[in-house]
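Spelled out, the chains give:
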Amino acid sequence: MSELTKGEFMASYRDMVKIRRVEETLMDVFSAGEIPGFIHVCIGQEATPVAVCKNLKESDCIATTHRGHGHALAKGIDLKLFMAELFGKKNGPCLGRSGSMHLAYKALGIMGANGIVGGGIPIATGAAFASKYKKNTDVIVCFFGEGSAGEGTFHESLNMASLWKLPIVYVCENNGWAEFTSQSVHMPIKDVADRAASYNMPGVVVPNDFLEIYAAAGDAVERARRGEGPTLLEVKSRRWHGHFVGDAQKYRAADDIEGARAQDCIARFENYLFSNNLLRPDEAAALDREIRDSVSQAIEFARNSPFPDPSELTEGLYA
Amino acid sequence: MSELTKGEFMASYRDMVKIRRVEETLMDVFSAGEIPGFIHVCIGQEATPVAVCKNLKESDCIATTHRGHGHALAKGIDLKLFMAELFGKKNGPCLGRSGSMHLAYKALGIMGANGIVGGGIPIATGAAFASKYKKNTDVIVCFFGEGSAGEGTFHESLNMASLWKLPIVYVCENNGWAEFTSQSVHMPIKDVADRAASYNMPGVVVPNDFLEIYAAAGDAVERARRGEGPTLLEVKSRRWHGHFVGDAQKYRAADDIEGARAQDCIARFENYLFSNNLLRPDEAAALDREIRDSVSQAIEFARNSPFPDPSELTEGLYA
Amino acid sequence: MKEIRYLWAINEAIREEMERDGNVLLIGEDVGGPGGSFGASRGLAERFGPERVVDTPISEAGIMGLAAGAAVCGLRPILEIMFMDFMTVCMDGIVNQAAKLRYMFGNQYTVPLVIRTPAGGGLNAGPQHSQCLEAWFAHVPGLKVVMPATPYDVKGLLKSAIRDDNPVIVVENKALHAMKGNIPEEEYLVPIGKADIKRSGSDVTVVATSRMVHESAKAADRLEKEGISVELLDLRSISPWDRDTVFTSVAKTHRLVIAHEAVKSFGTGAEVAATVSEEMIHELDAPILRVGAPFVPVPFSLEKAYLPNSEDVYKAVKKVLERIL
Amino acid sequence: MKEIRYLWAINEAIREEMERDGNVLLIGEDVGGPGGSFGASRGLAERFGPERVVDTPISEAGIMGLAAGAAVCGLRPILEIMFMDFMTVCMDGIVNQAAKLRYMFGNQYTVPLVIRTPAGGGLNAGPQHSQCLEAWFAHVPGLKVVMPATPYDVKGLLKSAIRDDNPVIVVENKALHAMKGNIPEEEYLVPIGKADIKRSGSDVTVVATSRMVHESAKAADRLEKEGISVELLDLRSISPWDRDTVFTSVAKTHRLVIAHEAVKSFGTGAEVAATVSEEMIHELDAPILRVGAPFVPVPFSLEKAYLPNSEDVYKAVKKVLERIL
Ligand SMILES: Cc1ncc(C[n+]2csc(CCOP(=O)(O)OP(=O)(O)O)c2C)c(N)n1
Ligand SMILES: Cc1ncc(C[n+]2csc(CCOP(=O)(O)OP(=O)(O)O)c2C)c(N)n1
Ligand SMILES: [Mg+2]
Ligand SMILES: [Mg+2]
């Protein structure tokens, strides 16, 4: 893992704030009925996508989940393209066919969110297989939640990845909730990372802290790039809001929500940056203004973009 | 686990020899073309079914696999009924519809062999769920091979069983081979039992030895019966013959086969019984004669039994 | 009579059957405390406790096999698969296990098991949350498949399904969850395998399922104003399906249109059309037309253009009336 | 020309395509050193090494998703699913992922992927090892499905499938594995989507797939002796299927029988029958009859009574010739 420069610290901070502002804005815009379908925001979990993706090259790939906005943004997708897709517009990278839940952008190795819990894990593993097969050095990161670790594909994929020493990092964002069900209700263990032993791969647990995630992910990515095989990295993440936007979280105790908010990964990182003179409050404020602007512009762009034409409905099913 | 009486030792020995004689006879009969389909014999692995089932009550259930003759016999199925089903005859418990690969006998809790690797694991788990739901004390034993531990259902089932403390014992007969593929080719770990940690359940490894299996299974069954939940018990078993009858094992080194034969669980148990004066060679010989007789009779019975009538083909699909 | 929403009718059916029979239980993801992803099991965990309303891990294949195992051991599990699209993760348990256990084990076991699953579009949930896959299950001997289109039918059919000793797949339609309708105060059942004649008519038979029943009714209204008399059948059960009622109707109208939301090609409509052209082609005065979804995944933002609707039924009816043999 | 067995034709197709394109690889259980459960990949691991002929754990769902992921990253995996019945364990990867990836991601990706899988009875392998499930996959937009019935076709279609940029399911029939037939020495392809006119005739069209092509040919021989002229079409591809060739034939014979080994109800024959009764019912002089398996699982010892055969085709043809409209 390489040391971060001041610029990289700033960029990381900017990405985290960007994700939060995007999600906050999306909550409003979605609640106002401007976006169809469902959206799942990752507020409270911004450290993971950014800290992990800061270790990646452009040609490295990621596979993500229904809660995938942060991952796509951290991997660098253009905000306008991103928004256009979420609005279902024709100029989204998926032509408005995927929306939030299946967003993909090949040019940056964003292999797709997935509407099927656990569905993306073997796909990411296949991308890692391809990387090894082609003898290139691309690493794949597979994001998923602790709920997904209940699916058989989790087991099957990690087994194969370790068996074949595939260049992949499995990042489990354990936010304690699978929809409306808390971890203790669906899992008899505390740390998903413990399951790494079943596959003879390293299992690592880190808190919801940018620096720790960055370091652990860096080790895992380097290990993968060296051809030494996969790592299961678990982040003890927190979900601030409901499973999807509109979920009133009636099933959730108030102090669990407060506890999650108290563990704000952005505030924590900000404090670190401030106290280490890597960022000044005025810089932060300027960044925030800039981000808010670009988010507004992206929303405007998406709003004003055309929907696909019904005549295009059946286009491109087969190559 | 209870101490075995002399009679129980004898009965266990008899069951193990019976399984071997049955399998040997089936190899001949199948090779002669008398039985359609596939059969998978468990020669070399006889200790497990017998040692495990000796810990069970009649109302306890077992779910088994394609290599399930030993389990059904150890659970006590009548040899004639058993043979009739394998021959596809109308008086088999499954009316000749299942044959070897799906043999079931409800009256003794033999919930079925399964043609789908990993298919029986959640079914057995469901039986354990029912036992707990009904608040009875029945324990379920789920047999499977190490190859099956690659399937997602293994993972999903063990997770649920532990979560809900279901009365089940998962018995993995690790014979080192999944069809024509050896364990190291499909699994990055040595002991399947290590996977128990993923589910917060005890994982136990025992050698292919009747006494050790009996003791470990006894502990696991008692634990389950006490409501303390599942155990993953792995037996380092050995497959003497091919995957199915007719498989010439070209993929297998001669010394692996010799090594398997050298670890004969029956000879080992016999020695123990002889040297502890629990069985005399003449008694063993008499038992063997008796078994051979009953196997011949069962084969004759099956041979002479009628096939189901084509007119019955569509009967009983729905209850 | 009382007015009730489709979703709440599901809830009532489960509640009544769980009251009646202690072996009936509900199992699935988020079905317990949270009351289910769509709210169908609201209040049931409070009423019956976590032993009988069981929240599971996200393990559809495991739960499905588990339900089959529990069913052969005497329980009567109702399994919720949150979206029909997720049936893809548990096909083995349904198709190779639950559907076959009874027959392949020589009728030793019964498998009283219900899978409730919401299908279809209408929520802009996109390609992996909007499919109608009933044709797969109808092709599998040993399963029953019903597709209730109204609050009345979903309650009555779900109760019948729970009492049935065979695996029954109850396909709900998400777009119908909020629909209101009248049901009796007292208990009732709707038999599996019986179609419902929604309206009598003489010019053309429209056989529809689920949401398309309502779209077809709209089309029939419009056609009526043009003097065209539609006989509308709600098939309700797909497997087994009510050949007699369809045949009787076609013998009367001599024209047939079939409408479902699933992809048209290789959908259930093909079986109805094929059976009619096998058994009573001589009765037909026109081609049999099918209305169904186009041959693409359900796109996120073009969902509306994608979904078959009353206009499509209207056009199909007009077409079978034009093209006299 | 040379004579070759069906199984070995598969082997040749894979071998040739792996020679041609380094991105083609074979993956599945026991496909490596052991050469596959049925022997289709014998010698390939020796030839191409374990990187390109990959033995996997028993993890169909994992392998399927893995193959999809590898395919979108530029490889061209051929995945062996040992028995078609095991497709039940990997439906999500096929249906929700491989089939949809291209369309739902706005055509950014291609998914060049082949699933080879042996279907059908004939080995007395019982209810969980004998099914024909092609109808499921034909109902899924984004997939292609072929069912070669001869050594010639399996080689040519498998090669086309490997070169196709879409997921293609190649359904073999276990009972055909040992069949011998002639193929050219030189390279050839069989296009996906084209039926094969096995014999020309004038009285009745029989549309058959896979093993039932041969059963139908037997029936046609017998019928010929009775003066009945059968036009026999081997559909070869199920999705897309060759409507033109079927339509042309039916326009000539005015009678249609469809034969497949899968369960008749809701099988692929229904789509062919429904399409014909939609597009050209006016051409028909008789009901469209379908021959398929009865509505039960494949029983172990009554397999022979279960499987549709030439006698069934014979009877169906006689029946459509009797019942003139
Ligand atoms: C196969 C499948 N089962 C269930 C669902 C419904 N579902 C969507 S998200 C989710 C919870 C996922 O929890 P987790 O993996 O922890 O991710 P998080 O939402 O916490 O980010 C569930 C059950 C699904 N989409 N796919
Ligand atoms: C889902 C599925 N995949 C593959 C197979 C084919 N198959 C039958 S037995 C077997 C090997 C099983 O190995 P193991 O679990 O170790 O049992 P063993 O044969 O050694 O007793 C395989 C791959 C199957 N029946 N079902
Ligand atoms: Mg979570
Ligand atoms: Mg084994």
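Cut-offs and rules
- Residues numbered from 1 in each chain as written.
- Chains lettered and ligands numbered in written order.
- Predicted model: local features only at pLDDT ≥ 70, side-chain atom pairs only at ≥ 80, totals over all residues.
- Heavy atoms only, no water.
- Helix = DSSP H or I, 4+ residues; strand = E, 2+ residues; numbered from the N terminus.
- Rg over C-alpha atoms; globule rule 2.2 N^0.38 Å.
- Buried < 20%, exposed > 50% of the residue type's maximum accessible area, 1.4 Å probe, protein only.
- Contact = heavy atoms within 4.5 Å.
- Areas by Shrake-Rupley, 256 points an atom, 1.4 Å probe, with all protein chains shown as cover.
- Lys, Arg positive; Asp, Glu negative; His and termini not counted.
- Charge placed at Lys NZ, Arg CZ, Asp CG, Glu CD.
- Core = buried A, V, L, I, M, F, W, Y, C linked by side-chain atoms within 4.5 Å.
- Least-squares fit on C-alpha atoms with pLDDT ≥ 70 in both.
- Buried area = accessible area lost by both parts, 1.4 Å probe.
- Salt bridge = Lys/Arg side-chain N within 4 Å of Asp/Glu carboxyl O.
- Near = heavy atom within 4 Å.
- Polar contact = N/O pair within 3.5 Å; in protein donor to acceptor, adjacent residues only side chain to side chain.
- Donors = N, O, S within 2.8 Å, 3.2 Å for Na, K, Ca; no water.
- Tetrahedral: all angles 85-135°; square planar, octahedral: opposite > 155°, others 65-115°.
- Expected span 1.5 Å × (residues − 1).
- Pairing = 2+ DSSP bridges.
- Phe/Tyr/Trp six-rings, centres within 6.5 Å; stacked < 30°, edge-to-face > 60°.
- Lys NZ or Arg CZ within 6 Å of the ring centre and 35° of its normal.
- Nonpolar A, V, L, I, M, F, W, Y, C, P; charged D, E, K, R; others polar.
- Domains from an automatic or database assignment.

It is worth spelling out the overall build of chain C at this point. Summing up its helical and strand segments, chain C has 11 helices and 14 strands in all. Compactness check: chain C gives a C-alpha radius of gyration of 19 Å against a globular reference of 20 Å for 325 residues, within 12% of the reference. Put simply, chain C has 325 residues, and 74% of those count as buried. Considering only residue pairs separated by 6 or more positions, chain C has 83% of its internal contacts joining residues 24 or more positions apart. Split by element, the accessible area of chain C, about 8500 Å² in all, is 48% carbon and sulfur. With 35 positive and 43 negative side-chain charges, chain C shows a separation of 3 Å between the mean positions of the two kinds.

Let us look at the nonpolar core. Ranked by size, the top nonpolar core spans 238 residues in total, and within it C:F137 and D:F137 carry the most contacts. Each residue touching C:F137, except ones within four places of it in the same chain, is listed here: C:M84, C:M87, C:M91, C:I94, C:L143, C:V145 and C:I169.

The subject of this paragraph is the relation of the copies chain C and chain D. It takes a turn of 180 degrees to lay chain C on chain D, together with a shift of 0.0 Å along the axis; the resulting RMSD is 0.0 Å. One copy is carried onto the other by what is essentially a two-fold rotation axis. Most of the interface of chain C is mirrored in chain D, where 100% of its interface residues are also at the interface.

With that settled, the discussion passes to the interface of chain C and chain D. Taken together, the contacts link 54 residues of chain C with 54 residues of chain D. Interface of chain C and chain D: buried area, both sides summed, is about 4800 Å²; carbon and sulfur atoms make up 64% of it. For the chain C face of the interface with chain D, the top three residues by lost area are C:H139, C:F266 and C:E278, together amounting to 18%. Linking chain C with chain D are six salt bridges.

On to the site of ligand 2, then. Close to ligand 2 lie 22 residues; B:H66, B:R67, B:G115, B:S148 and D:E60 are nearest. One finds residues of chains B and D in close proximity to ligand 2. For ligand 2, an oxygen atom lies 2.7 Å from a polar atom in the side chain of B:H66. The separation between an oxygen atom of ligand 2 and a polar main-chain atom of B:G147 is 2.9 Å.

Let us look at the coordination of the magnesium ion (ligand 4). Residue and element names in this part refer to chain B. Taken together, the protein ligands of the magnesium ion (ligand 4) are E146 (OE), E146 (OE), N175 (OD1) and W177 (O), with distances of 2.1 to 2.7 Å. For the magnesium ion (ligand 4), the six donor atoms are set out with angles of 51 to 175 degrees between them, so the coordination reads as irregular. The sequence pattern describing where the donors of the magnesium ion (ligand 4) fall on their chain is E-x28-N-x1-W. On the criterion of sequence distance, the pair formed by E146 in the loop between β2 (140–145) and α6 (152–163) and W177 in strand β4 (residues 177–178) is long-range, its members being 31 residues apart. Using a relative accessible area of 0% as the deciding quantity, one classes E146 as buried.

On to helix α11 (residues 281–304) of chain B. All names here are of chain B. Its 24 residues place the ends of α11 34 Å apart at the C-alpha level, agreeing with the 34 Å of an ideal helix rising 1.5 Å per residue. Turning to α11, its buried residues number three or more, namely E283, A284, L287, D288, I291, V295, A298, I299 and A302. Close packing links the buried residues of α11 with α1 (6–31), α4 (79–86) and α10 (265–275).

It is worth spelling out the pairing of strand β2 (residues 24–28) of chain C at this point. Residue and element names in this part refer to chain C. Here β2 lies mainly inside the structure; five of its five residues are buried. A two-sided burial pattern is seen for β2, the buried positions comprising V24, L26 and G28 on one face and L25 and I27 on the other. Two strands pair when backbone bridges link them, and β2 and strand β4 (residues 76–80) are joined in this way by five bridges, in the parallel orientation. Counted as the bridge partner of L25 is P77 from β4. Bridge count for β2 against strand β3 (residues 53–55) is three bridges, and the pairing is parallel. By the bridge assignment for β3, G28 is matched with D55.

Under the counting rule described, the total for this entry stands at 37 aromatic pairs over all chains. Aromatic side chains D:Y152 and D:Y188 sit 4.3 Å apart centroid to centroid with 15 degrees between the ring planes, which places their arrangement in the stacked category. Here D:Y152, found in helix α6 (residues 151–163), pairs with D:Y188, found in the loop between β8 (180–183) and β9 (196–199); they are 36 residues apart in sequence, far enough to count as distant. Overall, the relative accessible area of 31% leaves D:Y152 in the partly exposed class. Sitting over the ring of B:F307, B:K89 keeps its end group 4.7 Å from the ring centre. Positioned above the aromatic ring of D:Y314 is the side chain of D:R222, whose terminal nitrogen or guanidinium carbon lies 3.5 Å from the ring centre.

So, on to the coordination of the magnesium ion (ligand 3). Residues and elements named next belong to chain A. In the first shell of the magnesium ion (ligand 3), the protein supplies E146 (OE), E146 (OE), N175 (OD1) and W177 (O), at 2.1 to 2.7 Å from the metal. One way to put it: the six donor atoms around the magnesium ion (ligand 3) meet at angles of 51 to 175 degrees, and that makes the site irregular. Within one chain, the residues donating to the magnesium ion (ligand 3) are spaced in sequence as E-x28-N-x1-W. Placement of E146 in the loop between β2 (140–145) and α6 (152–163) and of N175 in the loop between β3 (168–174) and β4 (177–178) is noted, with a sequence separation of 29 residues between them.

What follows covers the site of ligand 1. Close to ligand 1 lie 22 residues, the nearest being A:H66, A:R67, A:S148, A:W177 and C:E60. Looking at the residues close to ligand 1, they fall on chains A and C. For ligand 1, an oxygen atom lies 2.9 Å from a polar atom in the side chain of A:E146. In this structure, an oxygen atom belonging to ligand 1 sits 2.7 Å away from a main-chain N or O atom of A:W177. Here ligand 1 has 590 Å² of accessible area as a free molecule, and 97% of this is covered by the chains. Across the shell around ligand 1, the residue classes tally to eight nonpolar, eight polar and six charged.

Residues and elements named next belong to chain D. Here helix α9 (residues 268–279) is 12 residues long and its end C-alpha atoms lie 17 Å apart, about the 16 Å a rise of 1.5 Å per residue gives. In terms of burial, α9 is a largely internal element, 11 of the 12 residues being buried. Among all positions in α9, only T268, G269, A270, E271, V272, A273, A274, T275, V276, S277 and E278 are buried.

We now examine the domain arrangement of chain C. Residue and element names in this part refer to chain C. Partitioning chain C into structural domains gives domain 1 (2–183) and domain 2 (196–322). Taking the mean C-alpha position of each, domain 1 and domain 2 sit 26 Å from one another. Across the contact, 27 residues belong to domain 1 and 24 residues belong to domain 2. Both faces considered, domain 1 and domain 2 share a buried interface measuring about 1900 Å² in area, 56% of it formed by carbon and sulfur atoms. At the surface where domain 1 touches domain 2, the tally comes to one salt bridge. Among the secondary structure elements, those contributing two or more residues to the side of domain 1 that touches domain 2 are α5 (134–138), β6 (144–146) and α6 (151–163). A breakdown of the residues in the side of domain 1 that touches domain 2 according to their chemical character gives 16 nonpolar, eight polar and three charged.

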